[in-house]
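Spelled out from the first residue to the last, the chains are:
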Amino acid sequence: MNSAALLGLYHANRVLAWENGHPITYGRFLSDVETLADLLPEKPTVINLTDDRYRFLVGFAAALVRGQTTLLPPSRAPGALAQVAREYSNSYCLVDGMEHVESLPSFQIPRSTGRQNDTTNVPQISVDHPALVAFTSGSTGRPRPHSKTWGSLVAVARSTGARLRLMRSDQMTVVATVPHQHMYGLEASIMLPIQHGMAFHVERPLFPEDVRLALAEVPSPRMLVTTPLHIRACVTSRSRLPPVECILSATAPLPSSLAKEAETLFQTRVYEVYGFTEAGSLATRRTVDENTWHVLDGITLHQESAGCSLQAPYLHEPVLFPDLVSLQGQHRFVLHGRGTDLVNIGGHRGSLNDLSQKLNEIEGVQDGVFFLPDEKGTAVTRLTAFVVAPEKSSEHILSALRTVINPVFLPRPLHLVPRLPRNETGKLTREALLGLLHKLHNEERHGT
Amino acid sequence: MSDVSPLETEVAKLIVQTLTLKVDPAQIQPEEPLFGDGLGLDSIDALELSLAISQSYGHQIRSDDPDIVATFASLRSLCQSIEKHRTK
C-alpha cells in the first residue's frame, strides 16, 4: 500500500513550533505523538477542539498514527458541534481545556513529557487513509461531509510549497492569524510547515499589535498566513512589523491596491491562495502582478456544460467550482464572483438557503430570509435578515439563531417585517429584497 | 444604573458607528458584555473596533490572552484600557 511520511523533512533538533519564545523540536514532537497515540480511545473519529496549534497537531498526528479520522465541524457553535456529534456518534473530543460537546466523551491531551525522540522513525501514513472530514453547509440544512485522504493533503502541501519555492529558502516560520480547524488554516499553518521542515508559532494573533509581537517572537525568515481582513488592519494601523519574507492570504479576494500597500509598507511579497473545501487549495497568484490565478502543478481545468471543473491526481472525480470563473487554457482562470447562494463572511462560507432554513425552523418564525446586501467600501459586509414573527422580539430570534449558526452569519441587522415581498410564484427576488431594505432605510431616515 | 463617563459615551458612539449597529449608543450599559450574549459582537468586530480605537486614541489593542472576551469584556473595561494607554 502506498504511504507518505508524516513529515517531509526530519531532523530531531530542528524547531517545529515556537511557544512563548521557547522552541519545540521535531524530535520532541515525534515523542509527544508516540505517547499520545498509545493513549487515545479506540474510536474511528475524533473532533479536535484544541486551540493551541502545536497541541492540535500532536492530536491530529496521533489520530493519523492510530488510523483515526479527524472531523472539522463547520463552526464552534454548540448546535453545529451537536449535529456533527449526532452523525458521528462513535467519536470523542480531543481537548486542552474544559471544552465539551454534549453526548461525546472528552479526552484531555496530557502535558508533554518534554522528552525528545532521537530516532529517525517518522510515521508513514497510508495515502488512502481518510485523514479528515471537512464540512460545507449544504443547501439542505445539513452539513455536507468531504473526506480528505492523507495523500491529498500531502499533495496539496507539496505543490503549494513548490509554487512558493519553500524548499529553496532557509527554514521559514509561519505565524498564522487563521484557525487551524478550517481547511485553509490546516493546509497553510500545519500541513505546509510539516511537509517542508518549517516551523510555526502556536498562537493565533488577532490584532495588528498581536501580529507584530508574534512575528517578533520567531526568527527570520517569517511567513504570515492570514486574510484580507487582517492585512487591512495591519496596513491601516501602519504596524511596524518585523521583516516578513512573504504573506499568504486567502478566504476572500484581496484588492490589488491593498496588496500593493502591504508589499510596500512591509517590504514583502503578497501571495493569494484560492481553494474551496471540496478541492482544497488549488491556485495561487502574486496579487500585485496578476489578475489571473495559476493552478498548482498537477491540476487541470475543464469547461463543462454545468460550469468549470478541475481535475487532480488525488481527486476521485472532477470537482465543479462553486464560484463563477472563466478559463484561460487548462492552467489559468479568472475569478468573477460567487454563485448566488454562497456567501463568504470573514472567511466563513455559508449557504443563504441553509441559513434561511435554520431561521424558519425557529419557533414563532412564520417566514424569514437571509440575504447579502450590496458590498460597500472595504469593511466586511454582514448579512441582513427579514423575519415575519409577530409574537417574537428580534432579541429572541437572534439568541435562538446564535445556537444553530456560526455567529459571523448573525444578521446585522435583523428586520422584523409584517410580510416578505414574495412574488406571485412565492419567490423572493434579490431586487425585491433590496427594495424592501431601501424602503426601511428611508423610513428610518425620516423617523417614521 | 451606574454613571456613564464622558469617555464611555464617546466610545459607545464609536462602537455603534464603526460596526453599524442598530442600537442607540446611550442604550449600551457600561458593565454589560460587548461580545457573546450582550451586543453579540465577534472577532471581526473586535478587529474593526481595534482599528477605530487606534485611530481615535492611538491605543494599539493586543490580546496577550487569545480570548478576546477578556480585552473587550465591557464598555467600561474597554474605556479603562483606552484611558491607560491613549496617546491622543
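For the structure, check the block above.
Notes on the structure follow.

1. Thoughts on unusual backbone geometry
Residue and element names in this part refer to chain A.
Okay, step 1: The amide bond that connects Ser220 to the next residue, Pro221, takes the cis arrangement and shows omega of 0°.
Okay, step 2: With respect to the helices and strands, Pro221 occurs in the loop between helix H6 (208-216) and strand S13 (222-226).
Okay, step 3: The step from Arg412 to Pro413 runs through a cis peptide bond, and the omega angle for that step is 0°.
Okay, step 4: Along the chain, the position of Pro413 falls in the loop between helix H10 (394-402) and strand S27 (414-416).
Okay, step 5: Not every positive phi belongs to a glycine, and Arg165 is a case in point at roughly 55°.
Okay, step 6: Tracing the chain through its elements places Arg165 in the loop between helix H4 (150-163) and strand S11 (173-176).
Okay, step 7: Judged by relative accessible area, which is 49%, Arg165 ranks as partly exposed.
Okay, step 8: One non-glycine residue, Gln267, adopts positive backbone phi at about 50°.

2. Details of the nonpolar core
Okay, step 1: Counting 64 residues, the largest nonpolar core has Leu6(A), Phe29(A), Phe60(A), Trp150(A), Met223(A) and Leu248(A) as the members making the most contacts within it.
Okay, step 2: Counting residues per element, this core draws most heavily on helix H2 (residues 53-65) of chain A, which supplies 9 residues.
Okay, step 3: Ignoring sequence-local partners within four residues, the contact set of Phe29(A) consists of Leu6(A), Leu7(A), Leu16(A), Tyr54(A), Leu57(A), Val58(A) and Ala61(A).
Okay, step 4: Judged by nonpolar contacts, the second largest core, of 50 residues, contains Ala233(A), Ala389(A), Leu410(A) and Phe35(B).

3. Considerations on the environment of Ala85(A)
Residues and elements named next belong to chain A.
Okay, step 1: Its place among the elements puts Ala85 in helix H3 (residues 78-87).
Okay, step 2: You can call Ala85 buried: its relative accessible area is 1%.
Okay, step 3: Separated by 266 residues in the primary sequence, Ala85 and Ser351 place their C-alpha atoms 21 Å from one another.
Okay, step 4: Once residues lying within four places of it in the same chain are set aside, the contact partners of Ala85 are Val101, Glu102, Ser103 and Leu104.

4. Points about the packing of helix H7 (residues 228-236) of chain A against helix H8 (residues 256-266) of chain A
Residues and elements named next belong to chain A.
Okay, step 1: Interaxial distance between H7 and H8 falls to 10 Å at its minimum, and their mutual angle equals 50°. Classified by the interaxial angle, the pair formed by H7 and H8 is oblique. The element H7 and its partner H8 pack so that their crossing is left-handed. In this structure, H7 contributes Pro228, Ile231, Arg232, Cys234 and Val235 to the contact, and H8 contributes Leu258, Glu261, Ala262, Leu265 and Phe266.
Okay, step 2: A breakdown of the residues in the contact of H7 with H8 according to their chemical character gives 8 nonpolar, no polar and 2 charged.

5. Side note on the environment of Pro413(A)
Okay, step 1: Its relative accessible area of 22% is what places Pro413(A) among the partly exposed residues.
Okay, step 2: Considering only alpha carbons, one finds Pro413(A) and Leu383(A), 30 residues apart in sequence, at a separation of 7.6 Å.
Okay, step 3: Those residues within four positions of Pro413(A) in sequence are excluded, and the remaining contacts are Leu383(A), Thr384(A), Ala385(A) and Lys22(B).

6. Structural notes on the packing of aromatic side chains
All names here are of chain A.
Okay, step 1: Tallied over the full model, the rule gives 11 aromatic pairs over all chains.
Okay, step 2: Summarising the aromatic geometry, the rings of Phe56 and Phe60 are spaced 6.2 Å apart at their centres and angled 15° between planes, so their arrangement reads as stacked. With Phe56 and Phe60 both in helix H2, this residue pair falls 4 residues apart, about one helical turn.
Okay, step 3: The class of Phe56 is buried, set by a relative accessible area of 0%.
Okay, step 4: Ring plane angle 80° and centroid distance 5.9 Å describe the contact between Tyr88 and Phe135, whose orientation is recorded as edge-to-face. Here Phe135 lies in strand S9 (residues 130-137) and Tyr88 lies in the loop between H3 and strand S6 (91-95), a separation of 47 residues in the sequence.
Okay, step 5: The exposure class assigned to Tyr88 is partly exposed, which follows from its relative accessible area of 21%.

7. Some points on the interface of chain A and chain B
Okay, step 1: Counting residues at the interface gives 23 residues for chain A and 26 residues for chain B.
Okay, step 2: Summed over both partners, the interface of chain A with chain B comes to about 2000 Å²; 60% of that surface belongs to carbon and sulfur atoms.
Okay, step 3: Remark: the boundary between chain A and chain B carries 3 residue pairs in polar contact (both at pLDDT 80 or more).
Okay, step 4: Among the secondary structure elements, those contributing two or more residues to the side of chain A that touches chain B are H6 and H7 of chain A.
Okay, step 5: Considering each element in turn, the side of chain A that touches chain B owes the most residues, 5 residues, to H7(A).
Okay, step 6: Grouping the constituent residues of the side of chain A that touches chain B by class yields 11 nonpolar, 5 polar and 7 charged.

8. So, H4(A)
Residue and element names in this part refer to chain A.
Okay, step 1: The end-to-end C-alpha distance of H4 is 20 Å, a good match for the 20 Å that 14 residues give at a rise of 1.5 Å each.
Okay, step 2: For H4, the buried fraction is high: 11 of the 14 residues fall into the buried class.
Okay, step 3: Among all positions in H4, only Trp150, Gly151, Ser152, Leu153, Val154, Val156, Ala157, Ser159, Thr160, Gly161 and Arg163 are buried.
Okay, step 4: With its phi angle positive at about 55°, Arg165 sits one or two positions after the end of H4.

9. Brief notes about the pattern of salt bridges
Okay, step 1: Per the stated rule, a full pass over the model turns up 18 salt bridges over all chains.
Okay, step 2: The closest approach of N and O atoms between Asp51(A) and Arg76(A), which form a salt bridge, is 3.5 Å. With Asp51(A) in the loop between strand S4 (45-48) and H2 and Arg76(A) in the loop between strand S5 (69-72) and H3, this residue pair connects regions lying 25 residues apart in the sequence.
Okay, step 3: The class for Asp51(A) is partly exposed, based on a relative accessible area of 49%.
Okay, step 4: Among the ionic pairs, Arg412(A) bridges to Asp45(B), the shortest N-O distance being 2.7 Å. Of this pair, Arg412(A) sits in the loop between H10 and S27 while Asp45(B) is found in helix H2 (residues 43-57), placing the two residues in two different chains. Asp45(B) carries the same exposure label as Arg412(A), and that label is buried.

Rules and cut-offs
Residues numbered from 1 in each chain as written. Chains lettered and ligands numbered in written order. Predicted model: local features only at pLDDT ≥ 70, side-chain atom pairs only at ≥ 80, totals over all residues. Heavy atoms only, no water. Helix = DSSP H or I, 4+ residues; strand = E, 2+ residues; numbered from the N terminus. Buried < 20%, exposed > 50% of the residue type's maximum accessible area, 1.4 Å probe, protein only. Core = buried A, V, L, I, M, F, W, Y, C linked by side-chain atoms within 4.5 Å. Contact = heavy atoms within 4.5 Å. Axes fitted to C-alpha atoms, helices over the stretch in contact; angles between N-to-C directions. Parallel < 35°, antiparallel > 145°, perpendicular 65-115°, else oblique. Left-handed = near helix turned anticlockwise from the far one by under 90°. Nonpolar A, V, L, I, M, F, W, Y, C, P; charged D, E, K, R; others polar. Phe/Tyr/Trp six-rings, centres within 6.5 Å; stacked < 30°, edge-to-face > 60°. Buried area = accessible area lost by both parts, 1.4 Å probe. Polar contact = N/O pair within 3.5 Å; in protein donor to acceptor, adjacent residues only side chain to side chain. Expected span 1.5 Å × (residues − 1). Salt bridge = Lys/Arg side-chain N within 4 Å of Asp/Glu carboxyl O.

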